[in-house]
Amino acid sequence: MSLDLTETTITETVQKTFDKAKDERIREIFVSLVQHLHDFTREVRLTDEEWFTAVDFLERVGKISSPTRQEFVLLSDILGLSVLVDQINHHHGSSATDSTLLGPFYVEGRPTAQNGADISGGVGGMPMFFSGTVLDTDGTPVAGAHVDTWHSDGDGFYDVQQADKLDHKLAMRALLITDDNGRFWYRSITPRCYPVPTDGPCGEILRAAHRSPTRPEHIHFWFHAEGHEPLITTLFRGGDPYLDSDAVFGAKRSLVADFVQHDAGDTAPDGTVMTEPFQTVKWTFILTGK
Ligand code: BEZ
Ligand code: FE
């Protein structure tokens with residue numbers, strides 16, 4: 001190792017320290033990471049003060065993180081890294097439904113529900129009736145698919161963000177199973193657009209850039225079916241004013257759905273004559289075979 005390192009020779013010197021890594025992929029990733037990190041540092045002529053600020057920022061991202069507060073994931077999300085990784089690794093542009101971000105509000109141990117059930121968990125709001133069909137790329141219905149769904153309430157809050165108010169009960173989420181025709185359906189309440197958490201270090205970046213923290217109104221889905229690739233996706237409400245400024249870049253044209261508004265007195269998909277306005281949403285999801 002040279003004792004006469006310069007601004008340029010430091011890069012190769014550090015890269016060489018990975019030469020003996022047994023795992024070739026680890027070597028490849030670190031050599032490239034060092035190259036880009038050093039090039040970036042040279043390009044912006046990073047000052048001492050800026051380096052300290054960056055290290056302090058990352059430390060604070062770590063300190064605020066917990067099992068229910070994933071600030072590193074949020075950092076990846078607001079920098080577009082999460083969506084980039086998803087774009088690289090999933091079959092975009094095929095006939096299968098596009099995938100998008102998982103987000104931090106998926107919860108293990110969610111309740112299972114029968115098709116047709118009300119999954120709102122008693123949280124008040126405008127009724128919403130969701131009806132989905134799951135097909136293979138050749139149009140065959142996928143029976144027995146596991147469908148996780150979760151969404152916010154009408155104020156833009158998930159159950160886990162109001163655990164005390166809800167007595168720690170999970171709501172507005174469920175695991176459903178598709179029937180023989182690949183169908184699943186449930187009743188819940190309409191979600192609403194909401195801001196990603198801005199009370200931590202990521203909020204500082206959004207404010208510094210005068211960026212909107214808002215995600216357009218959406219419903220999350222995660223499909224698992226025998227013989228098919230898992231699919232993590234989200235449907236966004238057509239007409240939402242935040243569709244083209246999603247704080248985490250997850251909204252896609254191919255995932256924009258009609259959230260159809262109905263009046264009181266109209267009949268809901270389950271045959272109930274509704275005494276209040278409600279919405280219906282229908283979508284066909286296409287899974288890729290393994
Ligand atoms: C969400 O849609 O649940 C979400 C995704 C990324 C960051 C914050 C929230
Ligand atoms: Fe969400």
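The structure under discussion appears in the preceding block.
Note that the structure is predicted; figures quoted are calculated from it, not measured.

### A few points about helix α4 (residues 71–78)
Right, on to step 1. For α4, the tally of buried residues reaches six of eight residues, placing the bulk of the element in the interior.
Right, on to step 2. Within α4, the full set of buried residues consists of E71, L74, L75, S76, D77 and I78.
Right, on to step 3. Tucked into the core, α4 has its buried residues touching α3 (48–64), α5 (81–89) and α6 (201–208).
Right, on to step 4. Of the residues one or two after α4, G80 is the one with positive phi, at around 80°.

### Here's the deal with the sheet that holds strand β9 (residues 256–257)
Right, on to step 1. The five strands are arranged β3-β2-β7-β8-β9 in an open sheet whose pairing can be described as mixed. Edge strands, defined here as strands with exactly one partner in the open sheet, are β3 (173–177) and β9.
Right, on to step 2. Strand direction decides the pairing type here: strand β7 (residues 218–224) and strand β8 (residues 231–237), joined by six bridges, are antiparallel. Counterpart to I219 in the pairing with β8 is L235.

### A look at the packing of α4 against α6
Right, on to step 1. Direction vectors running N to C along α4 and α6 enclose 20°, while the axes themselves pass 9 Å from each other. As the angle between them shows, α4 and α6 are arranged roughly parallel. Here α4 contributes E71, L74, L75 and I78 to the contact with α6, which in turn contributes P201, C202, I205 and L206.
Right, on to step 2. Residues of the contact of α4 with α6, tallied by class, amount to seven nonpolar, no polar and one charged.

### Quick word on the pairing of β8
Right, on to step 1. Counting buried residues along β8, five of its seven residues qualify, which places the element largely inside the surrounding structure.
Right, on to step 2. A loop of six residues connects β7 with β8, the two strands running antiparallel in sequence, and G227 in this loop sits at a positive phi of about 80°.
Right, on to step 3. Bridge count between β8 and β9: two bridges; the pairing is parallel. For F236, the partnering residue across the bridge sits in β9 and is V256.

### Points about the coordination of the iron ion (ligand 2)
Right, on to step 1. Taken together, the protein donors to the iron ion (ligand 2) comprise Y158 (OH), Y194 (OH), H218 (NE2) and H220 (NE2), at separations of 2.0 to 2.1 Å.
Right, on to step 2. Considering all six donor atoms around the iron ion (ligand 2), the spread of angles at the metal, 53 to 166°, places the coordination shape in the irregular class.
Right, on to step 3. All donor residues of the iron ion (ligand 2) come from one chain, and their arrangement in sequence is Y-x35-Y-x23-H-x1-H. Separated by 62 residues along the polypeptide, Y158 in the loop between β2 (146–151) and β3 and H220 in strand β7 bring together distant segments of the chain.

### Structural notes on the pairing of strand β11 (residues 278–287)
Right, on to step 1. In this structure, strand β1 (residues 127–136) lies alongside β11, joined through nine bridges in parallel fashion. When the bridges of β11 are listed, V134 appears paired with F285.
Right, on to step 2. With three bridges connecting them, strand β10 (residues 260–262) and β11 associate as antiparallel partners. In the sheet register, H262 faces β11, and the bridge partner there is F278.

### Focus on the pattern of salt bridges
Right, on to step 1. The tally for this structure, following the rule as stated, stands at 16 salt bridges.
Right, on to step 2. Notably, a salt bridge pairs E71 with R69, separated by 2.8 Å at the nearest N-O pair.
Right, on to step 3. Put simply, D86 and K252 hold a salt bridge, and the shortest N to O gap is 3.6 Å. Separated by 166 residues along the polypeptide, D86 in helix α5 and K252 in the loop between β8 and β9 bring together distant segments of the chain.

Criteria and cut-off values
- Residues numbered from 1 in each chain as written.
- Chains lettered and ligands numbered in written order.
- Predicted model: local features only at pLDDT ≥ 70, side-chain atom pairs only at ≥ 80, totals over all residues.
- Heavy atoms only, no water.
- Buried < 20%, exposed > 50% of the residue type's maximum accessible area, 1.4 Å probe, protein only.
- Helix = DSSP H or I, 4+ residues; strand = E, 2+ residues; numbered from the N terminus.
- Contact = heavy atoms within 4.5 Å.
- Pairing = 2+ DSSP bridges.
- Axes fitted to C-alpha atoms, helices over the stretch in contact; angles between N-to-C directions.
- Parallel < 35°, antiparallel > 145°, perpendicular 65-115°, else oblique.
- Nonpolar A, V, L, I, M, F, W, Y, C, P; charged D, E, K, R; others polar.
- Donors = N, O, S within 2.8 Å, 3.2 Å for Na, K, Ca; no water.
- Tetrahedral: all angles 85-135°; square planar, octahedral: opposite > 155°, others 65-115°.
- Salt bridge = Lys/Arg side-chain N within 4 Å of Asp/Glu carboxyl O.

Taken by themselves, the reported measurements are silent on function.
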